[in-house]
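Report on the structure
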Amino acid sequence: MKVSLYKIFAVIVVGIIAGLLPILYPQVLPLNMVQHTLLVIFAIAATAWLCEPIPVYATSLAIMGALTLLISDSSITPIRNYIIESNGGDLLSYKGILNSFSSPIIILFLGGFALAIGSSKYKLDVTLAKILLKPFGSGPRRVMLGVMTITGCFAMFMSNTATAVMMLAMMTPVLSSIDKSDRGIKAMVLSIPFAANIGGIATPIGTPPNAIALAYLTGDNTISFGQWVVYALPIALVCIVATWIVLNVIFPFKEKKIEVTIKSEFNKDWRTLTVYATFIVTILLWMTEKWHGVNSYVVALIPIIAFTTTGVMKAPDIKTMNWDVIWLIAGGIALGDALSKTGLAEVLAHIVDYSKLNIFMIIVSVCTIGWLISNFISNTATANLMIPIIFAVLSTISATNPETLGTFSISSIVMAAALAMSFAMTLPISTPPNSLAYATGLIKNRDMMLGGGIVSVMCLGINILALYLFK
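Residues numbered from 1 in each chain as written. Predicted model: local features only at pLDDT ≥ 70, side-chain atom pairs only at ≥ 80, totals over all residues. Heavy atoms only, no water.

Digging into the overall build of the protein chain
This is how it is decided: Per the convention used, a helix needs a DSSP run of H or I reaching at least four residues, while a strand needs a run of E reaching at least two, with both numbered from the N terminus. Taken over C-alpha atoms, the radius of gyration is set against a globule rule of 2.2 Å times the number of residues to the power 0.38. Relative accessibility decides the category of a residue: with a 1.4 Å probe and only protein chains considered, values under 20% of the type maximum give buried, values over 50% give exposed, and everything between is partly exposed. Only heavy atoms enter the contact rule, under which two residues are in contact if any of them lie within 4.5 Å. Per-residue and other accessible areas follow the Shrake-Rupley method at a 1.4 Å probe size, with only the shown protein chains counted as cover for residues.
Within the protein chain one finds 25 helices and zero strands. Taking 471 residues into account, the globule formula puts the C-alpha radius of gyration at 23 Å, and the protein chain, at 23 Å, falls close to it. For the protein chain, buried positions account for 54% of its 471 residues. In the protein chain, 78% of the contacts between residues at least 6 apart in sequence involve partners at least 24 apart. Total accessible area on the protein chain stands at roughly 20300 Å², and carbon and sulfur atoms take up 67% of it.

Have a look at this one:
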C-alpha cells in the first residue's frame, strides 16, 4: 500500500485540532483528562478511516493499542499514575477493550462467514441465487431492485446483520458472474447492507433504536405497532427506491444481462444435506427470535459448530475467513464502548442547547447528531444515549414553551430521531451489514464512503421531509 504524506499530514492536523478544542473552549467541551485523550484518539481514528493513510484494519488495531496504553487500567505507569493523582477521570478496563475481539457481533460475523463457506463449497448459494433471480429476469438493475426489496422485507422482522449475512451468501454466485471491472458490481454489493439498514426502520422490532424509542413513547405519546408501520414503511420504501437509483447512477452496470448457471447437479451426500439443513435452521431461528427467545448471536454458533464437527468446514477453510474485517470491527466496538463508558459521547451529544433553537433547528439537530454519532458507534448505543436526552428536552419544551413545538408531536420527533440513527451507512464500521459487504473484497473504503455518504444524507433528508409532510 502506497503511503500518502498528505493523508498522514491530514490525520496529524485533525489530531492537533481535537487536542486544542477542549483547551480553547472549555465551556463547550468540559472534558477530564481521559475524555480529552479519547477525543484526540477518536478524531485521529475517524480521519484515518476516512483517508486511509494505513489499512483500515491497522487503524482499528492502533485504536485498541492507544486505548490500552494511554487511558486504561493497564496503561503506561507514569501516565496512569498522573491520571489517578490528578483525578483525570475513570480509566477504562483493559480487559473490556480487549474483549472487543470476543464481542457477540464478532460471533455473528463468524457465523455468517461459516454459512458463506459451507454454502459455497456445496453449491447451496448457486441454487438459492437461481431461485432468487427467476422472478426478476436477468437485467442487473431489476435484479438489484429485487434483491433490495427482499432484503428490506426480511430486515423488517429479523436482525439487519443476519439479513445481510443471508443475502450476501445467496448472492455470492451472482457477484462472481459479474465482470470485476464492471462498476455495477459495487452497486450490487452495497445494495444489500443499505437495504438491510433501511428495511429495519419499518417496524418497531426491526432495529433496536426503534424499540428504545417506543419504550419512551407512553401515555399521551403512545405509538402503536400499526401506527409505526403506517408512518415508517412508506419512508423505507421511498428510501430503498431512491437508494437503488443513486447506486445505479454512481456505479452504473456495463453488462446488460446476468446469467447464473449451475455447473453440477444437485448433490445428495450427507455433508451437502447437512449444509442445507443448517442453513435453513439458522435462517428460521433468526427470523423467529421473538418466539423462541434465542438471540441472533447465539444462533450464529449453530453453523460454526455444525460445519466444524461434521468436516464441512476444515482448518484451511477457517484460514480463509476475513480476519482483517474482524479486526476492523473489533476496533470500532472498542472505540464505541470507550465513547460511552467515559461519558464523552454524552458530552458531545449535549453540545447543542436545544432550548434555544426553533422547531426546525431542533428536528434537524437531533436527527443529524444521532445520525453522526451512529456512524462511529452502534445505533443501539446511540439510541440509548440520545433518545432519553431528546425526550427530556422535548418534554421540557412542551411543558414550558409548547408554542415552540407548534403542530409537531413529541412522538413524531422522537420517531424521526430514531429512524435517523439507522441511516448511518458511511463507513465499514458504521453498521455490521456495511462491514459484511466490505468483507467481500469487492468494494473499497472510498466506494462505501461515496455511496454510503450520499445515500445516508439523502435518507436523512427524506426522513426529515416526511416528518414535515405527515406530522
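Anyway, onward from the coordinates.
Remarks on the state of the cysteines
Note the threshold: Counting rule for disulfides: a pair of cysteine sulfur atoms within 2.5 Å.
The full count for this structure, using the stated rule, is zero disulfides. Considering cysteine sulfurs only, Cys459 is the nearest to Cys239, which forms no disulfide, with 3.7 Å between them. Judged by its relative accessible area of 0%, Cys239 falls in the buried class. Of the cysteine sulfurs around Cys367, a residue in no disulfide, the closest is that of Cys239, at 12 Å. You can call Cys367 buried: its relative accessible area is 0%.

A word on the packing of helix 20 (residues 359–374) against helix 23 (residues 410–421)
Heads up, the rule is: Note on geometry: axes are lines fitted to C-alpha atoms, helical ones only across the stretch in contact, with angles between N-to-C directions running from 0 to 180 degrees. To sort the angles, those under 35 degrees are grouped as roughly parallel, those over 145 as roughly antiparallel, those from 65 to 115 as roughly perpendicular, and the leftovers as oblique. Helix crossings are classified by the rotation of the near helix relative to the far one: an anticlockwise turn of less than a right angle makes the crossing left-handed, while a clockwise turn makes it right-handed. Under the convention adopted here, Pro, Cys and the residues Ala, Val, Leu, Ile, Met, Phe, Trp and Tyr are nonpolar, Asp, Glu, Lys and Arg are charged, and Gly plus all remaining residues are polar.
Direction vectors running N to C along helix 20 and helix 23 enclose 30°, while the axes themselves pass 7 Å from each other. Comparing their axes, helix 23 and helix 20 come out roughly parallel. Along this stretch, helix 20 crosses helix 23, giving a crossing that reads as right-handed. When helix 20 is examined against helix 23, the residues Ile359, Ile363, Val366, Cys367, Gly370, Trp371 and Ser374 are found in contact with a partner set consisting of Ile413, Ala416, Ala417, Ala420 and Met421. Grouping the amino acids of the contact of helix 20 with helix 23 by side-chain chemistry returns ten nonpolar, two polar and no charged.

Remarks on the side chain of Ser435
The cut-off we apply is this: In protein, a polar contact means a hydrogen-donor-capable atom and an acceptor-capable atom, both N or O and within 3.5 Å, with residues adjacent in sequence counting only if both atoms are side-chain atoms; elsewhere, any N or O pair within 3.5 Å suffices.
Tracing the sequence through the fold places Ser435 in helix 24 (residues 432–439). For Ser435, the side chain forms a polar contact with the main-chain oxygen of Pro428, separated by 2.3 Å. Among all residues touching Ser435, those that are not within four sequence positions of it are Phe109, Val325, Ile329, Pro428 and Ile429.

Remarks on the layout of surface pockets
Where empty space is left in the structure can be found by rolling a water-sized probe over the atoms. So the rule is basically this: The method works on a 1 Å grid over the protein atoms by themselves. A cavity is a set of points holding a 1.4 Å probe that cannot get out, a pocket is an open set with protein on both sides within 12 Å along at least five of seven lines, and residues with an atom within 4 Å of a point line them. Grid points are joined across faces, edges and corners, and a volume is the space filled by probe spheres set on the points.
In this structure, the largest pocket encloses a volume near 1000 Å³. If one sorts the elements of the lining of the largest pocket by residue count, helix 18 (residues 323–341) sits on top with six residues. Looking at side-chain class alone, the lining of the largest pocket contains 21 nonpolar, 19 polar and three charged residues. Counted as a void, the second largest pocket has a volume near 510 Å³.

A short note on the environment of Glu346
Considering the arrangement of structural elements, one finds Glu346 in helix 19 (residues 344–349). Since its relative accessible area comes to 42%, Glu346 is described here as partly exposed. As for Glu346 and Val238, which are separated by 108 residues in sequence, their C-alpha atoms are 32 Å apart.

Some details on unusual backbone geometry
Here Asn87, not a glycine, exhibits a phi torsion of approximately 55°, which is positive. For Asn87, the location among the structural elements is in the loop between helix 4 (77–85) and helix 5 (94–98). By relative accessible area, which is 69% here, Asn87 ends up exposed.

These values are about where atoms sit, not about what they do.
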